[in-house]
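Chain and residue survey
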Amino acid sequence: MGDVAMTVPVIRAFVAQNPNVKITVVSRPFFKPFFDGIPNVDFFAVDVKGRHKGFPGLLKLYSDLKELNIDAVADLHNVLRSQVIRTLFALSGKKMAFTDKGRVEKSALTCAENKIFKPIKSMVERHVDTFKKLGFSVDLSNPKFPQKAILSAEILKITEEKANQKWIGIAPFAQYDSKVYPHDLMQKVIDNLASKSNNKIFLFGGGNKEIEILNSFANGKENVINVAGKLKLQQELDLISNLDVMLSMDSGNAHIAAMLGIKVITLWGATHPFAGFAPFNQPLKNCLVSDREKYPKLPTSVYGNKKVEGYQDAMRTISVEEVVEKL
């Protein structure tokens, strides 16, 4: 989800600065709301479980896309499936470019020995480079974001009107446990924020287990609302666009809030913003990282999928007070 969200600011800037070019985004249907409302952008939904399943499905996908009279292909994902499609287009004489994910630099940043601890080019910048390879200019120095969405009656049943409150979003989960702020500390953050009556906190997540945890976070607090499982993706995007700030792990919600122009505070455990996944257009000071003096092997991986003995409590070095103050 985060990978797709990081393409949105680039595509939004591209079509604004190249108004005579039409873009067709090819992705899973779930992600269509990310691109709704961007001028000159069409969305092609890939049916990975049906028509476009497996290698025969990739050939059908290529055939389907060929009918769109595409002039060039920008592969922003650079995985096996997209590599096949871009190669077929290249063989047919179309211009092609792909995003260099910087795997060598990321490996140097995350290795345990002889670590090269320095920031590498962000994924957003890498996507800009991909379009430059195709001969297009994209400038992200003055990004434009969509207007705050008008909340529907269905959403307002959950949120109520904003009035003079500060709306704070909290997305306390991530794909891997090494990127999740300990629940007891997150409870303290939420309790502190909820103690101020002019704050309203919205909790984001998904799945039965996460919903149960979020309910426990919100228990007994009128100004803490668990929206997980209550809103569709488009409705969540509309709500996020009305937040004053989002607190997130290194996860998709951080990039969704950033693509909508919302201030984002991120918490980093096994991973690190130097790997190129800091939310778009957010200052580095908004990325609160675990203590590298105490845990010198950080970051231990790019995605948080590598477990390192003795590093389970790294995120406890990010204090509740620090998080609340930053918010």
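As shown above, the structure is provided for reference.
A brief structural summary. (Residues numbered from 1 in each chain as written. Predicted model: local features only at pLDDT ≥ 70, side-chain atom pairs only at ≥ 80, totals over all residues. Heavy atoms only, no water.)

Across the 5 residues that make up strand E8 (residues 245-249), a large majority, 5, are buried. Because side chains alternate across E8, one face comprises the buried residues Val245, Leu247 and Met249, and the other comprises Met246 and Ser248, equally buried. Relative to E8, strand E5 (residues 166-171) is paired through 4 bridges, and the arrangement is parallel. Paired with Ala171 across the strands is Ser248, a residue of E8. In terms of strand pairing, E8 meets strand E9 (residues 264-268) through 4 bridges, oriented parallel. Bridge pairing in E9 places Ser248 opposite Thr266. (Buried < 20%, exposed > 50% of the residue type's maximum accessible area, 1.4 Å probe, protein only. Helix = DSSP H or I, 4+ residues; strand = E, 2+ residues; numbered from the N terminus. Pairing = 2+ DSSP bridges.)

The next point concerns the nonpolar core. In terms of nonpolar packing, the biggest core is built from 53 residues, with Phe34, Phe35, Phe204 and Ile240 touching the most fellow members. It is helix H2 (residues 8-17) that provides the largest number of residues to this core, a total of 6 residues. Setting aside chain neighbours within four positions, we find Phe34 in contact with Met1, Val4, Ala5, Val8, Leu233, Leu237, Ile256 and Met259. If you look at the next biggest cluster of nonpolar residues, it comprises 31 residues, including Ile170, Ala218, Leu267 and Val320. (Core = buried A, V, L, I, M, F, W, Y, C linked by side-chain atoms within 4.5 Å. Contact = heavy atoms within 4.5 Å.)

Bringing the sheet that holds strand E7 (residues 224-226) into the picture now. Consider a sheet: its strands pair through backbone hydrogen bonds, and that pairing is either parallel or antiparallel. The strand order across the open sheet built from 6 strands is E7-E6-E5-E8-E9-E10, with neighbouring strands paired in parallel fashion. Both outer strands of the open sheet, E7 and strand E10 (287-289), are each paired with one neighbouring strand and no more. Within the sheet, the average angular offset between the axes of one strand and its neighbour, ignoring direction, is 20°. Across 5 bridges, E5 lies against strand E6 (residues 199-203) in parallel orientation. Directly across from Gly169, in E6, lies its bridge partner Phe202. Along the sheet, helix H12 (residues 252-259) contacts E5, E8 and E9; its crossing angle with E8, the most-contacted strand, is approximately 155°. (Axes fitted to C-alpha atoms, helices over the stretch in contact; angles between N-to-C directions.)

Another point: the pairing of E6. For E6, the buried fraction is high: 5 of the 5 residues fall into the buried class. Both faces of E6 are covered, namely the face carrying Asn199, Ile201 and Leu203 and the face carrying Lys200 and Phe202. Taken together, E5, helix H9 (residues 183-194) and E6 constitute a β-α-β crossover, and its handedness is right-handed. Pairing of E6 with E7, which is carried by 3 bridges, proceeds in the parallel orientation. What sits directly across from Leu203, in E7, is Asn226. Regarding the hand of the β-α-β motif, the stretch spanning E6, helix H10 (residues 208-218) and E7 is right-handed. (Right-handed = clockwise from strand over helix to strand, strands pointing away.)

Next up on the list: the packing of helix H4 (residues 54-66) against helix H5 (residues 80-91). For the pair H4 and H5, the least separation of the axes is 10 Å and the interaxial angle reads 45°. Looking at the two axes, H4 sits oblique to H5. Crossing of H4 over H5 shows right-handed handedness. Every residue of H5 that contacts H4 at Phe55, Leu58, Leu59, Leu61, Tyr62, Leu65 and Lys66 is listed here: Arg81, Val84, Ile85, Leu88 and Phe89. Counted by class, the contact of H4 with H5 contains 10 nonpolar, no polar and 2 charged residues. (Parallel < 35°, antiparallel > 145°, perpendicular 65-115°, else oblique. Left-handed = near helix turned anticlockwise from the far one by under 90°. Nonpolar A, V, L, I, M, F, W, Y, C, P; charged D, E, K, R; others polar.)

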